[in-house]
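Structural description and commentary
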Amino acid sequence: MGSPQEELGTHEFMEDTNENNSDLFFNPQVEDHHVPKIGQEFESLEDAYNFYNNYAKQAGFSVRSYCQQKSKTSKEILRKEYVCYKEGVYSKEVSNESERRRGVVRSGCKAKIAFLKVREGTKYIISNFVEGHNHALTAPQMVHLLRSHRKISEVNKALAQRFGDVNIPTHQQFSLLEVQAGGMQNIGYTKKDLYNYKRQLQRKMKGHDAQMLSEHFIGEQAKNESFFFMIEADDDDRLKHCFWADPTSRRAYKFYGDVVVFDTTYNTNRYGMVFAPLVGVNNHGQTILFGCGFLSNETTESFLWLFEQFKKAMPAGPPKIIITDQDPAMGNAISQAFPSVFHRYCIWHILDKFSQKINTCIYKDENRELQSCVWESDTKEEFESKWMDVVNKGKLNDDEWLSSIYRIRSRWVPAYVKDIFSAGMSSSQRVEGVHAFFKLYISKRNSLMDFILRFNRALAQQRHEEIIADHVDINEQPMLKSPLIMEKQMATIYTRKIFYKFQKELWKCLACVLQLAREDDNLCFYKVMERKKDGSFKLKVREVIVDKVADYASCICKKFEFEGILCRHVLAYMKMKQIEYLSNKYILNRWTRAAKSEIVVEEGGRQITESGDNSLLMRQTRLSKLAFELIDGAL
């Protein structure tokens, strides 16, 4: 093979810049050292292009690649030519029916530059440079709109990703970047470029989303072995089911997994898959996440698969209770996966249907009385008596819907279920609140990977609220309302949120009057009456039962059994007996400040720890923080 000079022609190396300068446009404002010169050297083709493009920006035109020649042996680029964006002529016929009407840009401009590598392995030199243009050059205030000068930097791509993680729309992202850059002309690209970049990312993910999701989970597991996930594909190798639980969620289940609330929702991703979170309540009364799933449908098979993965992931036994809506497929799956767990129906979903199923215009009084019967009955016998009275009075005995919910009363009526600990929850509104919260960050347009990234940001925000509550408990003491020793005792044991609930009951117990109703060898029965502000007694009379042998007091209201906090009625009994300190039998560890101090070990003896994230994103976050600190220090 001959030398590059022989192949390309040595005459071009010293070709004249412009043969005829008449009717040509130049920009005399460009500084001389920025104007290309024949023979000027560059270490790489990238350096050469950047130099010419920078010159073009100052001169007022855009650059595009034109042609190149490579070595026949090494395939190295030996010659590269760039031209003005107005080079050539538009030859395609214009159709009057064209939907997209674009103006003609090309005008046959001859401005160009050529870079030549004299020998393989050597530097590039400018072998040809035509400076003049046959068109007016773009004014400085508009040059940022030219194509070769529009580029989304890696920093701005990262910022756009961060903004996207918290569900900031693209047009608002551009506005934020505009403010940061000090004006649209300084951003370096247009709003349309940002939209195009987002579309390109979506096209790139198309068809690979499930694989990327799997790779993401594998990466999380590599960072921390306690990260649990399981993915199942269908016969066509498409994502069918997915479940994951990070170490923080798994540890939380050990401490607060006695009550699980489960519900599903659609429209959280572009594939219309069902989003299925399992949540609970921590020692601050905050909603926490135990695990999440994607399901292709809401069948018994899908729910059963999810629950089986949930059981494998959690480092403790099954919960005491699961709260869901009345979905039959969900119920069937729970009975198979958790045969010993009490399955409670969401009372809110049932009561909300009263106005739909019963004509409120005709049965307005009956509707009100039925709801009162549900909420105010202390015992099963009281509920059934009141219910039948209302049904008979309103002649609703033949109403099929009322009969159906009466048959399942043991799964939703408080008088039947309040003796089972539910952390004070009677509905699945907790998980519906989770859906509402996460929808601030995610949308149905998200891919699975977009969903996960945004979901993690939302989860981090949610968990930060728990950190804030822990911080308050460590550094602040709640205000006391009485000189009672028990109040001071529990102020140091309970978290602040739970203490204030206890404090309210302790304060209210001062207005309670006890009267011994009857007594035998083992039990004492006390009537508890509560005074109102005007000094009169409330109509509702409670009953406290004291087991003499076990030295244990319980109330018919079942507040302690249901919520885990003593009611004012039992506290009134303790006050009467001058009991100053609350016994451990009345203190649930899950509500205390020390609730999550225990070491959690999963099957196989490995400890579940919440290790730090050393990922690229976290390193980028730390660098961004340092950069902002540097800027703040310079102001």
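The following refers to the structure shown.

1. A look at the packing of helix α13 (residues 380-393) against helix α14 (residues 400-407)
- Running from N to C, α13 and α14 point in directions that differ by 175°, and their axes come no closer than 13 Å. In terms of orientation, α13 lies roughly antiparallel with respect to α14. Note on element contacts: α14 touches α13 through Leu402, Ile405 and Tyr406, opposite Phe383, Glu384, Trp387 and Met388.
- Residues that form the contact of α13 with α14 fall into these classes: six nonpolar, no polar and one charged.

2. Things to note about a nonpolar patch on the surface
- Together, Leu484, Trp507 and Leu510 make up a nonpolar patch on the protein surface, roughly 250 Å² of accessible area in all.
- Positionally, leucine 484 belongs in the loop between α17 (448-475) and α18 (485-491).

3. Points about empty space enclosed by the protein
- Following the criterion strictly, the structure yields two cavities of 30 Å³ or more and no others.
- Here the largest cavity defines a volume of roughly 40 Å³.
- Going through the elements one at a time, β16 (552-555) and α20 (559-563) are the ones with two or more residues in the lining of the largest cavity.
- Of the residues contributing to the lining of the largest cavity, the split by class is six nonpolar, one polar and three charged.
- Of the pockets and cavities examined, the second largest cavity occupies roughly 30 Å³.
- Surrounding the second largest cavity, Lys481, Ser482, Leu484, Glu487, Gln503, Leu506, Trp507 and Leu510 form its lining.
- Looking at the lining of the second largest cavity, the element that brings in the most residues is helix α19 (residues 496-509), giving three residues.
- Its residues assigned to classes, the lining of the second largest cavity shows four nonpolar, two polar and two charged.

4. Observations regarding the pattern of salt bridges
- Evaluation of the coordinates by the stated rule reveals 33 salt bridges.
- Among the ionic pairs, glutamate 41 bridges to lysine 123, the shortest N-O distance being 3.9 Å. Of this pair, glutamate 41 sits in strand β1 (residues 41-42) while lysine 123 sits in the loop between β4 (112-117) and β5 (124-130), placing them 82 residues apart in sequence.
- Overall, the relative accessible area of 36% leaves lysine 123 in the partly exposed class.
- A salt bridge links aspartate 246 to arginine 463; the shortest N-O distance between them is 2.7 Å. Taken together, the residues aspartate 246 in the loop between β7 (239-245) and α7 (247-256) and arginine 463 in helix α17 connect sequence positions 217 residues apart.
- One network of salt bridges, with partners in common, ties together Asp378, Glu382, Lys386, Lys418, Lys540 and Arg542.

Thresholds, definitions, all that
- Residues numbered from 1 in each chain as written.
- Predicted model: local features only at pLDDT ≥ 70, side-chain atom pairs only at ≥ 80, totals over all residues.
- Heavy atoms only, no water.
- Axes fitted to C-alpha atoms, helices over the stretch in contact; angles between N-to-C directions.
- Helix = DSSP H or I, 4+ residues; strand = E, 2+ residues; numbered from the N terminus.
- Parallel < 35°, antiparallel > 145°, perpendicular 65-115°, else oblique.
- Contact = heavy atoms within 4.5 Å.
- Nonpolar A, V, L, I, M, F, W, Y, C, P; charged D, E, K, R; others polar.
- Patch = residues over 30% accessible without salt bridge, like charges linked within 9 Å, V, L, I, M, F, W, Y side chains within 5 Å.
- Areas by Shrake-Rupley, 256 points an atom, 1.4 Å probe, with all protein chains shown as cover.
- Salt bridge = Lys/Arg side-chain N within 4 Å of Asp/Glu carboxyl O.
- 1 Å grid on protein atoms, 1.4 Å probe; cavity = no way out; pocket = protein on both sides within 12 Å on 5 of 7 lines; lining within 4 Å.
- Points joined across faces, edges and corners; volume = space filled by probe spheres on them.
- Buried < 20%, exposed > 50% of the residue type's maximum accessible area, 1.4 Å probe, protein only.

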